[in-house]
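# Understanding the architecture of this molecule
One letter stands for each residue in the lines below.
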Amino acid sequence: MSDGLRIMCINRTARAEAHQRIRNVGGFDNGSRWCVSQAWAVAAMESRGYKFFVFVKGRAVRVITHTTPDGKKYLKTDLDGEQPETLLQLSECPA
């Protein structure tokens, strides 16, 4: 998966709800560190066509948006159920 940004880290919250467990996602692009809020990433994917992915066991996996029954949007991967487990396994983004 060559198009898109690779998510390499996240910042977690203490919330239990799937859509609130991740505050930020981040990574590197052309040697520069980036970090954006989950809300920004969702909006960028839906309105501007941004693409994100993660590597799982050496394979690129697409990050998608998902909507809770009450309309809240959040990030998860194609591999995940309701909870964004794959993203939650990433390390914390530096401050």
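The sections below set out a description of the structure shown in this document. (Residues numbered from 1 in each chain as written. Predicted model: local features only at pLDDT ≥ 70, side-chain atom pairs only at ≥ 80, totals over all residues. Heavy atoms only, no water.)

### Description of the overall build of the chain
Scanning the chain from N- to C-terminus turns up two helices and eight strands. N-terminal to C-terminal, the α/β element order of the chain is β-β-β-β-α-β-β-β-α-β. Relative to the globule expectation of 12 Å for 95 residues, the C-alpha radius of gyration of the chain, 12 Å, shows essentially globular dimensions. The long-range share in the chain, meaning contacts at least 24 apart out of those at least 6 apart in sequence, stands at 43%. Counting only carbon and sulfur atoms, one obtains 49% of the accessible surface of the chain, whose full area is about 5600 Å². For the chain, the distance from the average site of its 14 positive side-chain charges to the average site of its 10 negative ones is 3 Å. (Helix = DSSP H or I, 4+ residues; strand = E, 2+ residues; numbered from the N terminus. Rg over C-alpha atoms; globule rule 2.2 N^0.38 Å. Contact = heavy atoms within 4.5 Å. Areas by Shrake-Rupley, 256 points an atom, 1.4 Å probe, with all protein chains shown as cover. Lys, Arg positive; Asp, Glu negative; His and termini not counted. Charge placed at Lys NZ, Arg CZ, Asp CG, Glu CD.)

### Overview of the state of the cysteines
In the structure shown here, the tally under the stated rule is one disulfide. Note that C9 is cross-linked by a disulfide to C93, the S-S spacing being 2.1 Å. Because the torsion about its S-S bond is 95 degrees, the bridge between C9 and C93 counts as right-handed. One end of the pair, C9, is in strand 2 (residues 9-12); the other, C93, is in the segment after strand 8 (91-92), and 84 residues separate them in sequence. (Disulfide = S-S within 2.5 Å.)

### Structural notes on the packing of aromatic side chains
What describes a pair of aromatic rings is the distance from one ring centre to the other and the angle between the planes of the rings. Throughout the structure, instances matching the rule amount to four aromatic pairs. Ring geometry for W40 versus Y50: centroids 5.3 Å apart, planes at 90 degrees, classification edge-to-face. With W40 in helix 1 (residues 38-48) and Y50 in the loop between helix 1 and strand 5 (52-56), the pair connects residues that are ten residues apart, well separated along the chain. Of the residues examined, W40 reaches a relative accessible area of 33% and is grouped as partly exposed. Ring centres 5.6 Å apart and planes at 90 degrees place the aromatic pair F53 and F55 in the edge-to-face group. Here the aromatic residues W34, W40, Y50 and F52 are joined through ring pairs into a cluster of three or more. (Phe/Tyr/Trp six-rings, centres within 6.5 Å; stacked < 30°, edge-to-face > 60°. Buried < 20%, exposed > 50% of the residue type's maximum accessible area, 1.4 Å probe, protein only.)

### A few points about the nonpolar core
Among the nonpolar cores identified, the biggest contains 18 residues, and I7, V25, F52, L75 and L87 are the most heavily contacted of them. At the level of elements, strand 3 (22-29), strand 4 (32-37), helix 1, strand 5, strand 6 (59-67) and helix 2 (85-88) are the ones that each hand at least two residues to this core. Among the elements that take part in this core, helix 1 stands out by supplying three residues, more than any other. For V25, the contacting residues outside a window of four places in its chain are I7, C9, I10, W34, C35, V36, A41, L75 and C93. (Core = buried A, V, L, I, M, F, W, Y, C linked by side-chain atoms within 4.5 Å.)

### Details of the side chain of T68
Along the polypeptide, T68 turns up in the loop between strand 6 and strand 7 (73-77). Within the structure, the side chain of T68 is placed 2.3 Å from the side chain of D70, a separation counted as a polar contact. (Polar contact = N/O pair within 3.5 Å; in protein donor to acceptor, adjacent residues only side chain to side chain.)

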